[in-house]
Structure formats: structure tokens, C-alpha cells
Amino acid sequence: MDGTNSYREGPDENGRFGLYGGRFVAETLMPLILDLEKAYGTAQKDPAFDAELVDLQTHYVGRPSPLYFAERLTEYYGGAKVYLKRDELNHTGSHKINNCLGQILLAKRMGKTRIIAETGAGQHGVAVATVAARFGLPCTVFMGATDIERQKPNVFRMKLLGADVRPVTSGAGTLKDAMNEALRDWVANVDDTFYIIGTVAGPHPYPAMVRDFQSIIGKETKVQMQEREGRLPDTLVACIGGGSNAMGLFHPFLDDKDVNIIGVEAGGLGLDTPDHAASLAGGKPGVLHGNRTYLLQDDDGQIIEGHSISAGLDYPGIGPEHAFLRDSGRVTYASATDKEALEAFQLITRLEGIIPALEPSHALAHVGKIAPQLPKDHLLVMNMCGRGDKDVFAVAEHLNIDL
Amino acid sequence: MTDGLTRLDTRFAQLAAENKKAFVAFVTAGDPDVTTSAAIIAGLPKAGADVIEIGMPFTDPMADGPAIQASSLRALQAGQTLVGTLEMVRQFRQTDDNTPIVLMGYYNPIYYYGAEKFVTEAKAAGVDGLIVVDLPPEEDEELCLPALRGGLNFIRLATPTTDDARLPDVLKNTSGFVYYVSIAGITGSAAPKKTAVAANVARIKSHTDLPVVVGFGIRTPEQAHDIASIADGAVVGSVLVEAVAQHLDAQGKAMPELVEHVLLLASQLAAGVNKT
């Protein structure tokens, strides 16, 4: 990287991670994201902002989340020692709350009085609706009509929390379309509205800001592994849709050269079919939703809908910092299919008594491929970024079980 | 910045000399199919369009409302591509070498195609200017500067959120005309307030000698007249592509009277713009 040896210095002043990132937005939004960048910079320097965030992380979210040694899973694989970073134990059941708390505190400081968000599986939507309720701000969540159908429990949770859930019918009615609609809403409500983006994508400063708020995952892991094993882990594994839980775990370790880092994309029905959501493996660089990154697209530069069993992973893009880390070779990216994820979902439920979300089930599927080959003193951490309550109905359907 | 005058520069100079306002008509390339779309575009100059703005369809038109989103999807489903859009311009130029053509769209298809290559081919096809919604001045090196070097106008959007501090940056590499977005919102939204638009147009004009044309939310000849009277012209788009949508049969195919209806509407809007 530009004469230094750090992978942690991005983005530059233009919001670029190498070729990726940037600020590809309509002029109407440009002044808003410049304001946001300024406000975030000020907040970062203000100890009171951090103090309020830490207090909420501790007493509202329940951080730090445990680093759990998965003994039976380890025995089953017969290789690496498998640890799970238990971010599914957070309030609201996923890592999404880490970012939402940071952003709503920022919204409050900026005097914004209305919150909007996009959601795919609904984990981010639930986290946004939760912090909006906690801070007494009205909240509108855009969600693809197809996803609303797939994720009814989360839709109801959002409504209970007081959010206005708006079905999006354009496109395939999934996360990409929800993000388009949230951007349209933001353009029309520039004065009072704060857009809480849920992943490490969007125009600068979102990818860096969301990463920073999620980095608590990796920072805690570093300390906890030191306490448990007296050293750094050897391998980190996390699933990737947009890539926020993965960036959160990975970022504090990027300059620890001996730590092997693996992101797992959603392989859908297989990378040799059109039905997957692996933008790094099957996409090409392009520009969407404010940033340049790898995108699933056709030969005319039209965006292709991703497919995954998990509504949280079927986004046709990926955070720009992941694109940079892939090109630089620092992080390895793999994929797991719907079927492999479903098998991993059942395996860990039976072996560890933990029902995971379908998203981290992809990461676990990859752990199952590498752990058996690794030595017994190899320390592997997988980010258990969400719990599976929201997915039990979808899983029953895939297993042909009538509830 | 642009080498030599484009048809846009010439057209706006003519209109100014005649004390007339510009009617900028927007339609989406290939909507609902390439033949019908070409017939609409070919008829627009006679219907009174001073400038033709042709939408390059994109799957994710984030700044557009439902009408233009739907028209983009219709065009894509009918097989429209970026190359196909340039070909339509080339065909149009066989019979019309005067009416300025501006291509409007989003950056990804251009980026994927290759920005430099796109500029060269667009210029050769007879395109005069580009409006690319998701390229603010912060990203000028991507396409704006190559376009200017290649002899195309790069028309920037100024919006109600573009304040005086930012306006010089927005205008710096703008050429052809300035497109003032009348409302903070998407295309096809509610009508803009004339007084607010007038104040903003005056504000922009205090920073530039370029013509200022206003768009977003203009749906009727009366609104077109109101807005054009306080600017150098008016852009109308959503209502024209809605007229396309209203003349499709149950299978989504163009009905025989589609072209005629769209052009009639365009001529009414054109009359509105220059009503005295």
C-alpha cells in the first residue's frame, strides 16, 4: 500500500480503498454525505461520544460478546480448535446493533429527527427499529417485497418496535432494491433524515464508519484470545453479504501478518450457476449505491440480482474495502453453497446447542472444509454474527418439514 | 473546456438570439422497443423539442421515480443496451444533424464499457452532451474530464442542496447548460414551487453564463410555461414515458397510436414552454 506496510490506513481523503469506494451519488446527496463525514470526524475526536457508545454497548447490547470454545464442534472436525465469537448473543440477535447504535448517536448529534434504513433479512431493520425506539425517533425501513415474504418474524418485530416497514416492489424486491428506495427517500427528505446504512457499502464515509463501529468485534476477539490462549488466533472466518460482520472481525487483525483471514461469500446453487451472490468470485468492478466495488453484472453493465438461501447475503455487491483486500491478497475469499450452509446450520445446532442464522452458517460450512486439515493447536475464530430464530421457518421449508 | 462548439452551444445561442426558451424532451432509449423508440425520437424535433435527452436504461436508476424506472425496465426487457443506444443516435443523425442530443444515465454501464471508449464512440455517433447522475464533481476524473477532452458537453445537475459554497465546484467543469433540479427528490415528484425555483436559478446565474434549464416535476404545458419563463428552458420526462406506458397492449407491445400520442403531448408541452 503506497509505500507503507499497513492494510488499515484506508480510505484516503476521497473515500477510496485503492481503486474501490468513492462517492458516486447524485448531487442532491453530495452535501449530505460531506456533512456526515464532517460530523463523524468530530464525533470520533469527542470522548463524550465514545463514552456514550461504550455505555450502551455494555448495558444495552451486552458487550463484550463471549469468545466461546466450541468443544464438540472441534472434536467433530478433529483438527483446529474452533472458537465462536458470539455476536448472535447481542441484543436484537446479531452484530447489526453495533453499527446502529453508533449511527443513531451521530444522527442525534446532527439534529436529525427521522431515521431511514434498508434491510434484507431484516436483522439490520430490527436493529435500526430498536435504536429508533430507544431514542424516540420515527423510523422507516425499506424492505423488498420478496424479503418481507421470506422474513415475516422480523417484519413483525420491526412493526412492534414502531417502525414503518415499506415494501419495495421494484426489481426483484430484495436488498438491492430496498437500498435504491432508501436512497430515493433520502433525496426527497434531505433536511431531517438520517440514513442508517447497514453494511460496509454506500458512499464514503459509510464503508469506513460502519467498519469502525463493527470493529469492536475484532478488538474484543484480540483481547479475549490473548486471555484464553495467550496469543493471536491463526485463522479468522466470517460470512459476507455486504461484509460488515467480516470487516468488523478482520480489520483489527489486518496488519497481524500471521493471521490467516477468510471471507465466505454466498455460493447459492453453485458458482457454476447464475444463482449465487458471490460478487468477488463471480463479479467484476463496477459502480452501484455510491461506491465502486465488485458487482454481479451482465455484459451491458446491468446489475444482476444475487441469489442465496439467506436473505442477508443476496446482495449483488460487496463492501469496497473487501474488494481492495481481495485484490491486495491480504484476505482470502471463498464461498459456500445453500446446501452446505443448510447442513452446517443443522450440524452446529445439534452439536453445540446454538441455532445460527443462515448467514454465519455459510462461514461454518467453510470452517468444516478447512478445520479437519489443520493441526490441533491451530486457533480458528468464526464470527457467529446472528442467531437463527428468524430463519427457522425458511429452514423448515427447505427441509420439507410442515410446521 | 470543450473543443469547438457542440450542437447544444449552437442551439442555445440561437434560442437566446430569438428570445426563446428551450424545451428539452426526455425519453428512454428502446422504450418500449427500439423501433417505436426510434420513431418517437425522430419525431421530437418536429414536435418542438429543442434538445432531446435520451435515457440510457439502467437496472438501478436511483434518482428516478416509478415512471422512469418502469420505462428503463421495459427498454432492458426489450433488449436495449448501451451500444444499442449509441446506434439509435447514429441512425437519428442520418436525417437530423442539428438537434442536440444529450444522453442521460448512470455510471456503471459506461464504466463497464470503458469511459474513454464510450466518449469516443458517443461523439462519433453524434451525441453532444452527457448527464450522468451519480458522478458529482468529486469524481470528475472518471468521465467528466475525458468527456470534455473528447468534445462532449458534460451537463451537471445543481440541486436545492447545492449551496453557494459548493456551487463553484459544481459549475467548474460543467458545459452546454446547467440542469437545475427543481426539487430535492426524484424524477416525477410533486410540482416545484415557482418562486423557490426562480430564486435558485438567479443564484446559479450569478455564478455562470451558461444557460440554466430546469427539470423534475414538470408535467403540464402550464407548468412548463411557468418554469421556462424564469429560466432558459424546461425538461419534461416522466409524463412522456407515462404516455408510452399508457399506449401498450396487454402483452406490453406498442399500440399503433403510441408514437402519435407521445409526439402530440410533446408538441403541447413545447407550445407551453414558448407560450407568450
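What you see is a predicted model; the values in this text were computed from it and never measured.

To continue, consider the layout of surface pockets. Residue and element names in this part refer to chain A. For the largest pocket, the calculated volume is near 360 Å³. Together, 17 residues line the largest pocket, and Asp50, Leu53, Asp212, Phe213 and Lys219 are the ones closest to its centre. Elements supplying a minimum of two residues to the lining of the largest pocket: α1 (30-45), α2 (47-61), α9 (206-214) and α10 (216-229). In terms of residues, the lining of the largest pocket owes the most to one element, α2, which gives five residues. Looking at the lining of the largest pocket residue by residue, the class counts come to seven nonpolar, four polar and six charged. Reported here for the second largest pocket is a volume of approximately 270 Å³.

Here we take up the pairing of strand β3 (residues 101-105) of chain B. Residue and element names in this part refer to chain B. Here β3 lies mainly inside the structure; five of its five residues are buried. The side-chain alternation of β3 yields two buried faces, one formed by Ile101, Leu103 and Gly105 and the other by Val102 and Met104. Two elements, β3 and strand β4 (residues 129-132), share four bridges in a ladder whose sense is parallel. Across the sheet, the residue bridging to Leu103 is Leu130, located in β4.

The subject of this paragraph is the interface of chain B and chain A. Listed by partner, the interface residues are 35 residues for chain B and 38 residues for chain A. Of the roughly 2900 Å² buried between chain B and chain A, counting both surfaces, carbon and sulfur atoms make up 53%. Where chain B packs against chain A, one counts five salt bridges. A salt bridge links A:Arg16 to B:Glu139, with the shortest nitrogen-to-oxygen separation between them at 2.5 Å. Considering each element in turn, the side of chain B that touches chain A owes the most residues, five residues, to helix α5 (residues 107-113) of chain B.

What follows concerns the packing of aromatic side chains. Scanning all chains against the criterion turns up 13 aromatic pairs over all chains. With centroids separated by 5.4 Å and ring planes inclined at 45 degrees, the aromatic side chains of A:Phe69 and A:Tyr83 adopt a geometry described as tilted. Remark: A:Tyr83 occurs in strand β4 (residues 81-85) and A:Phe69 occurs in strand β3 (residues 67-69); sequence separation between them is 14 residues. Residue class for A:Phe69 comes out partly exposed when judged on its relative accessible area of 22%. By relative accessible area, which is 2% here, A:Tyr83 ends up buried. Where A:Trp186 meets A:Tyr195, the ring centres are 5.8 Å apart and the plane angle is 70 degrees; that geometry is what we call edge-to-face. Assessed through its relative accessible area of 4%, A:Trp186 is described here as buried. Residue A:Tyr195 is classed as buried on the basis of its relative accessible area, which comes to 0%. Pairwise contacts between aromatic rings join A:Phe24, B:Tyr107 and B:Tyr111 into one cluster. The ring of A:Phe135 has A:Arg134 lying over it, and the distance from NZ or CZ to the ring centre is 4.8 Å. The ring of B:Tyr113 is capped by B:Lys117, whose NZ or CZ atom sits 4.2 Å from the centre of that ring.

The rules behind each value
- Residues numbered from 1 in each chain as written.
- Chains lettered and ligands numbered in written order.
- Predicted model: local features only at pLDDT ≥ 70, side-chain atom pairs only at ≥ 80, totals over all residues.
- Heavy atoms only, no water.
- 1 Å grid on protein atoms, 1.4 Å probe; cavity = no way out; pocket = protein on both sides within 12 Å on 5 of 7 lines; lining within 4 Å.
- Points joined across faces, edges and corners; volume = space filled by probe spheres on them.
- Helix = DSSP H or I, 4+ residues; strand = E, 2+ residues; numbered from the N terminus.
- Nonpolar A, V, L, I, M, F, W, Y, C, P; charged D, E, K, R; others polar.
- Buried < 20%, exposed > 50% of the residue type's maximum accessible area, 1.4 Å probe, protein only.
- Pairing = 2+ DSSP bridges.
- Contact = heavy atoms within 4.5 Å.
- Buried area = accessible area lost by both parts, 1.4 Å probe.
- Salt bridge = Lys/Arg side-chain N within 4 Å of Asp/Glu carboxyl O.
- Phe/Tyr/Trp six-rings, centres within 6.5 Å; stacked < 30°, edge-to-face > 60°.
- Lys NZ or Arg CZ within 6 Å of the ring centre and 35° of its normal.

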